[in-house]
Amino acid sequence: MTASNNQISNTRVLIAQIPEGVAPNKSHFRTVTVTEDKPELEEGAIFIKNAVLSLDPYIKFDFSSGNEESPVAGFGLGKIIDSKNPAFPVGSTFFGPVRWESYSILTQDQGLGESINLDAGLDKDLPLSVYNGVLGLSGFTVWDSLKRLGDMKKGETIYISSAAGTLGLLAGQLAKRQGLRVIGSAGSDKKVEYLKNELGFDAAFNYKTQDRRAALIEAAPKGLDIYYDLVFDDTVDIALDLLNPHGRIISVGTLALHQGQEPAAPKNLINILMKQLRYEGYMVYEYFDQWESFWKEVTPLVKSGEIKFAETVLEGELDIVAETYDRFLQGEFKGKVSVKIADL
C-alpha cells in the first residue's frame, strides 16, 4: 500500500535468534510495518511488489549485522514496479528469492542470479501459484535432477521419500512416464492413499506408522535402483542396503534438518564401493539455462492433466506466513503451499 507519492508502507516478517536444533515456529517470528522512501535503484537492480510467497523447508536469515532480529527470505512471485535491469523490465512477472515483505529490492549481488523473468513461460490459463510449484523452482528441480542424475530405465524401481510434497509428487509422475515402478512414503494414511489412487504410485506407505525397511522390502522384493532423497535422514542407511548394483541415490532435499531431526550419517557407505553405487547431490542454481526447455516439456502436461499437482494457497496479510510455517514443516498440507498477500 502506498503511504504517499514518495513513500511506501512495507510490512515484513522478522525472525529472532533460533535455538540450535529447533525448527522455527510462529513464536520465533514478528510482523512489523514501516514507512519507507521509495528506493533509488542502482544499476542492475529491480524493485518488486510481492504477490505470492512460497513456503519451503528452507528459509534464510542473517544475524551477522549484530541485530537481535533478521528479515526472513524465501522465494516468491511478484510484479516488477521499477527496474534498472533490461532482463527484468517494469511490468514483468518475477520469480526469485525475496524477503517475507510487501516490497523487495534485488541487486546483482543479492539474488538476481537465482531469479527468473516468468513472462517467457507464463501461461495465462493456469493459476499464477503453479509457478511457485509444479512449473516453478520445485518442478524444475525435479525435472532437471532426474534428467541429469537419474539415468532412468524402463522397468527399474525408484523410491521417493516425502513423496506427497511438491517435489515428490512430480518425481513420481515423471518416473512413471519413463516406465519405472514407483514407491513413495508420506506422513499420513490420507497422503498414502492419494499417492496410490490419484497419482498411480505402484506402492506407498506411512513412514510414521510402518517400519520403513520392512515396507520397502515388501514393496520392492527385487531391490531398489534409485532412491530420490528429499529428507536426508537415516533412510539413507536403508537405501544403501536395498539398492541393486549400479543403483543411484539422488540427494535433493533436507526436510529432516528443517524439522530439527538428526541428519543422515550412514555407517554402511561400504555399499557404494561394493555395489558400485552413485550417491550424488543436486543444487538447482547451476542449471537455470534449461528453464525454457522445462516449460516447453512440462507445461502442456500440466494443462492437459497428464501431470497432476496438489497445492494449498492461503490468502491474507503477511502475518499468516509466520502462523502457517510451522504447520507446513509438520506436513499438515498436501502439495505446494503458497501464501497470496496481494494481487498483481
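Labelled according to an unreviewed UniProt entry, the chain appears under the name Enoyl reductase (ER) domain-containing protein, originating from Linnemannia gamsii.

Let us now look at the pattern of salt bridges. Summed over the entire model, instances satisfying the criterion amount to 19 salt bridges. Here Glu156 and Arg248 are joined by a salt bridge, their closest N and O atoms 2.7 Å apart. A residue pair is termed long-range when its members are at least 10 positions apart, and Glu156 in the loop between helix 1 (137-150) and strand 10 (157-160) and Arg248 in strand 14 (residues 243-251) qualify at 92 residues. As a salt-bridge pair, Glu332 and Arg327 come within 3.0 Å of each other at their nearest N and O atoms. Assessed through its relative accessible area of 36%, Arg327 is described here as partly exposed.

All right, on to unusual backbone geometry then. One non-glycine residue with positive phi stands out, namely Asp151, at about 45 degrees. You can see Asp151 is positioned in the loop between helix 1 and strand 10. Within the chain, Phe232 stands out as a residue other than glycine whose phi angle is a positive 65 degrees. Counting through the fold element by element, Phe232 comes out in the loop between strand 13 (224-229) and helix 5 (235-242). Classification of Phe232 as partly exposed rests on a relative accessible area of 22%.

Further remarks concern the sheet that holds strand 15 (residues 278-281). Ordered in space as 12-11-10-13-14-15, the six strands form an open sheet in which the pairing is parallel. In this open sheet, the two edge strands, each paired with only one partner strand, are strand 12 (203-206) and strand 15. Here the average twist between neighbouring strands, direction ignored, is 15 degrees. Of the pairings in the sheet, the one linking strand 14 to strand 15 comprises four bridges and is parallel in character. Its bridge partner being in strand 15, Ile250 is matched across the sheet by Glu280. The sheet contacts of helix 1 involve strand 10, strand 13, strand 14 and strand 15, and relative to strand 14 the element is tilted by about 145 degrees.

What follows is about the environment of Asp109. With respect to the secondary-structure elements, Asp109 resides in the loop between strand 8 (103-106) and strand 9 (116-117). Under the relative-accessibility criterion, Asp109 is labelled exposed at 73%.

Here we take up a nonpolar patch on the surface. Judged by side-chain polarity, Ile270, Leu273 and Met274 come together as a nonpolar surface patch covering roughly 360 Å² of accessible area. Considering the arrangement of structural elements, one finds Met274 in helix 7 (residues 270-274). According to the relative accessible area criterion, Met274 is exposed, its value standing at 60%.

Calculation criteria
- Residues numbered from 1 in each chain as written.
- Predicted model: local features only at pLDDT ≥ 70, side-chain atom pairs only at ≥ 80, totals over all residues.
- Heavy atoms only, no water.
- Salt bridge = Lys/Arg side-chain N within 4 Å of Asp/Glu carboxyl O.
- Helix = DSSP H or I, 4+ residues; strand = E, 2+ residues; numbered from the N terminus.
- Buried < 20%, exposed > 50% of the residue type's maximum accessible area, 1.4 Å probe, protein only.
- Pairing = 2+ DSSP bridges.
- Axes fitted to C-alpha atoms, helices over the stretch in contact; angles between N-to-C directions.
- Contact = heavy atoms within 4.5 Å.
- Patch = residues over 30% accessible without salt bridge, like charges linked within 9 Å, V, L, I, M, F, W, Y side chains within 5 Å.
- Areas by Shrake-Rupley, 256 points an atom, 1.4 Å probe, with all protein chains shown as cover.

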